[in-house]
Amino acid sequence: MKKIILIITLILSITGAAQKNIKIELSESYELGNIILALTEYGRTDPYDVQKTPPYYNEIINYFEPVKDHPLLKKVNYSRKDWKKFLGFRTDFYAFSFDEQGLLKRDFPFNSFGPKEVDENLELINDFVNKSNYRNFYKNHQQFYNTIISNYKEYYYINDTYAFLDKIAQRPSNEGNKNYVIAISPLVGGQNCHRDINSSLTVDFPNIGDDLILGNLKGNLARRILDNHTVFSEIDHGYVNPISDRYSKEIAESFNLENWDKKSGYPGINSFNEYMTWAVYDLFIKEKFPNEKTDSLSAIYHKVNIRRGFIAQNLFSEKLIELYKKNKSLDKLYTPLLQWTKKAGKNISQPSVVNANNKEFKKIDLNNMVVQFTEPMKKTTTLQLKLFEYIDGKEAGNTVIIVKNPIWSKDGKQVKFKLETAYKNFEMRFYIWNSMAGFYSQQGILLNPDNYLLLAS
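Conventions used here
In this convention, every chain numbers its residues from 1, walking through the sequence in written order. In view of the model being predicted, local features appear only for residues whose pLDDT reaches at least 70, and side-chain atom pairs are presented and counted only at 80 or more, with totals across whole chains, interfaces and linings using the full set of residues. Just so you know, side-chain values use all the structure's heavy atoms and leave hydrogens and water out. Numbering goes from the N terminus for both helices and strands, where a helix is a DSSP run of H or I of at least four residues and a strand is a run of E of at least two. What a helix should span is 1.5 Å times the count of its residues minus one. Partly exposed residues are those whose accessible area sits between 20% and 50% of the maximum for their type, while under 20% is buried and over 50% is exposed, using a 1.4 Å probe and protein chains only. Comment: arc refers to directions from the helix axis out to C-beta atoms. Ring pairs are drawn from Phe, Tyr and Trp, using the six-membered ring of Trp, whenever the two centres fall within 6.5 Å, and their geometry is named by plane angle: stacked under 30 degrees, edge-to-face over 60, tilted for the rest. By definition, being over a ring means that NZ of Lys or CZ of Arg is both within 6 Å of the ring centre and within 35 degrees of the ring normal. DSSP-based pairing: two strands are paired if at least 2 bridges between them are found. Between Lys or Arg on one side and Asp or Glu on the other, a salt bridge is scored when a side-chain nitrogen of the former is within 4 Å of a carboxyl oxygen of the latter. Pairs of residues are marked as contacts when any of their non-hydrogen atoms sit within 4.5 Å.

Enquirer: Where do I start with helix H10 (residues 142–155) in this structure?
Expert: The periodicity of an α-helix, 3.6 residues per turn, causes residues three or four positions apart to be oriented the same way. The terminal C-alpha atoms of H10 lie 20 Å apart, and with 14 residues this matches the ideal 20 Å at 1.5 Å per residue to within 8%. Of all the positions in H10, only Tyr145, Ile148, Tyr152 and Tyr155 are classed as buried. Take H10 and look down its axis: the buried residues cluster within an arc of 100°, on one side only. For H10, exposure combined with an orientation more than 90 degrees from the buried face picks out Gln143, Ser150 and Glu154. Just downstream of H10 lies Tyr157, where phi reads positive at about 55°.

If you want it as structure tokens, here you go:
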């Protein structure tokens, strides 16, 4: 009997380690920041940073129609180049709450990215809250918010995530009594972040998928696995970053940013940590879902990361997976991994299309289309392209084209094919983010995702 009790106690303690001090929040102040950004011109028109899942998004647009011209919305109408202000405005709302008079007040000195956009616009924000009757909107949607919160942990495999990370890496000893919060909003479309609020609280700010928002919790396992990356790749920073700190000297010597990073905006060790956190995600889904085609799911986000500037994410992940088969301790994988990055980095370069991004539509023969590359490419038997039609200088539509049996040059630096399209003026792109297919160099690096050609038939 004592043995049974001991075993049960051990199981509970292990389970507790994966679950303890984790709270999911959709707070009134944080949602206010997201709604304000959603109502700006940028929020309404940008396809990425604000998630526009109906019916919730439509309800926001309708409810706040009377204050669509409020001066606050022009003041905080950030653009993609102002990402620090945009993300800082959204994230810093976590440090605020409403006082007894219904005014927004700062609770603690958290600042996420430098700009203090909330503090500087506090008077306008309080005026917007009052004139829009925001607090009534939030109150009326409480049941909707609570449903998302209650389903979040299971849908995103939070306990499985912690169990896996605790198995392969040791959480820092100073995190024993630390509280961990996942702050969510149905409106967050991108630009996730992981922040230590203070010495006792860490908060992740991920986006959430349509299926969770709409309550579609069963069925589309592939979509659910892909959605998991949004929070997994933030949580595992808490495991990866401390290990990387111990190897900071070796990383500086063996991970040359000039080779591995193409203007990601992540300096030094931070770039390495992005590579590592995503590679650990690949380890997790491969082990957690052995019967699923996780390689194809990983490939989709490798392409996304490559566009962010991490041009060899696929190669980095493949190497970590290879090393993990021999040793399940993440700490012990750093030395052989860094030995490899130092050697492999010398051969990494991102291929481009010759004469890409030309400034005017160039007349071509659709029956004899020729594309040249700056270096040898893998000779695929099909090509996947995306064509954007232009009429009177404006995009009028787009379509994905599959080209079969292209003719490659012997050295792989040129490909010829017949292009079937009714478009007269169009942009031809070579990057389709949610597809496994793509143009890769013989070294395994994806073609510059921003390359395109302006063509006329």
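Enquirer: I'm lost on the packing of aromatic side chains in this one. Help?
Expert: The geometry of two aromatic rings is summed up by the distance between their centres and the angle between their planes. Counted by the stated rule, this structure contains 44 aromatic pairs. Here Trp278 and Tyr281 contribute two aromatic rings whose centre-to-centre distance is 6.1 Å and whose plane-to-plane angle is 75°, an arrangement assigned as edge-to-face. With a gap of three residues between them, Trp278 and Tyr281 both fall in helix H17 (residues 269–288), about one helical turn apart. Residue Trp278 is classed as buried on the basis of its relative accessible area, which comes to 9%. Where Tyr423 meets Phe426, the ring centres are 6.5 Å apart and the plane angle is 50°; that geometry is what we call tilted. On the basis of relative accessibility, which here comes to 0%, the residue Phe426 falls in the buried class. Chaining the aromatic ring pairs together yields one cluster made of Tyr247, Phe255, Trp260, Tyr266, Phe272, Tyr275, Phe310, Phe316, Tyr334 and Trp340. If you follow Arg135 out to its NZ or CZ, it ends over the ring of Phe98, 4.3 Å from the centre.

Enquirer: Explain the sheet that holds strand E8 (residues 369–372) here, please?
Expert: Either a parallel or an antiparallel arrangement is found when strands of a sheet pair, and the pairing is made through backbone hydrogen bonds. Spatially, the three strands line up as an open sheet ordered E8-E12-E11, and their pairing is antiparallel. The outermost strands of the open sheet, each flanked by one partner alone, are E8 and strand E11 (407–408). When E8 meets strand E12 (residues 414–417), the two strands line up antiparallel, connected through four bridges. Directly across from Gln372, in E12, lies its bridge partner Gln414.

Enquirer: Please explain the pattern of salt bridges as it appears in this structure.
Expert: Pairing between side chains of opposite charge can happen when their charged atoms approach one another. Per the stated rule, a full pass over the model turns up 18 salt bridges. For Lys286, the salt bridge is made with Asp295, and the minimal N-O distance between the two is 2.9 Å. Lys319 is the salt-bridge partner of Glu322, the closest N and O atoms lying 3.1 Å from each other. Separated by three residues within a single helix, Glu322 and Lys319 lie in helix H19 (residues 313–324), roughly one turn from each other. Judged by its relative accessible area of 16%, Lys319 falls in the buried class. Several salt bridges converge on common partners, so that one network encompasses Asp46, Asp49 and Arg80.

Enquirer: In this structure, what is going on with the environment of Leu73? I would like to understand it.
Expert: Along the chain, Leu73 falls in helix H5 (residues 71–75). Classification of Leu73 as buried rests on a relative accessible area of 5%. Distance from Leu73 to Phe128, taken between C-alpha atoms, is 9.1 Å for residues 55 residues apart in sequence. Setting aside residues no more than four positions away along its own chain, Leu73 makes contact with Ile36, Leu39, Thr40, Val67, Lys68 and Phe128.

Enquirer: Any chance you could explain unusual backbone geometry here in plain terms?
Expert: Trans is the common state for peptide bonds, and a negative phi is the common state for residues other than glycine. Note the cis peptide between Pro54 and Pro55, where omega equals 5°. Position of Pro55 among the secondary structure elements: in the loop between helix H3 (41–45) and helix H4 (56–63). Here Asn133, not a glycine, exhibits a phi torsion of approximately 55°, which is positive. Within the element layout of this structure, Asn133 appears in the loop between helix H8 (122–132) and helix H9 (134–140). A positive phi angle is found at Asp392, which is not glycine, with a value near 55°. For Asp392, the position within the fold is in the loop between strand E9 (382–391) and strand E10 (394–404). Here Asp392 falls in the exposed class, since its relative accessible area comes to 78%.

So yeah, pure geometry; function would need other evidence.
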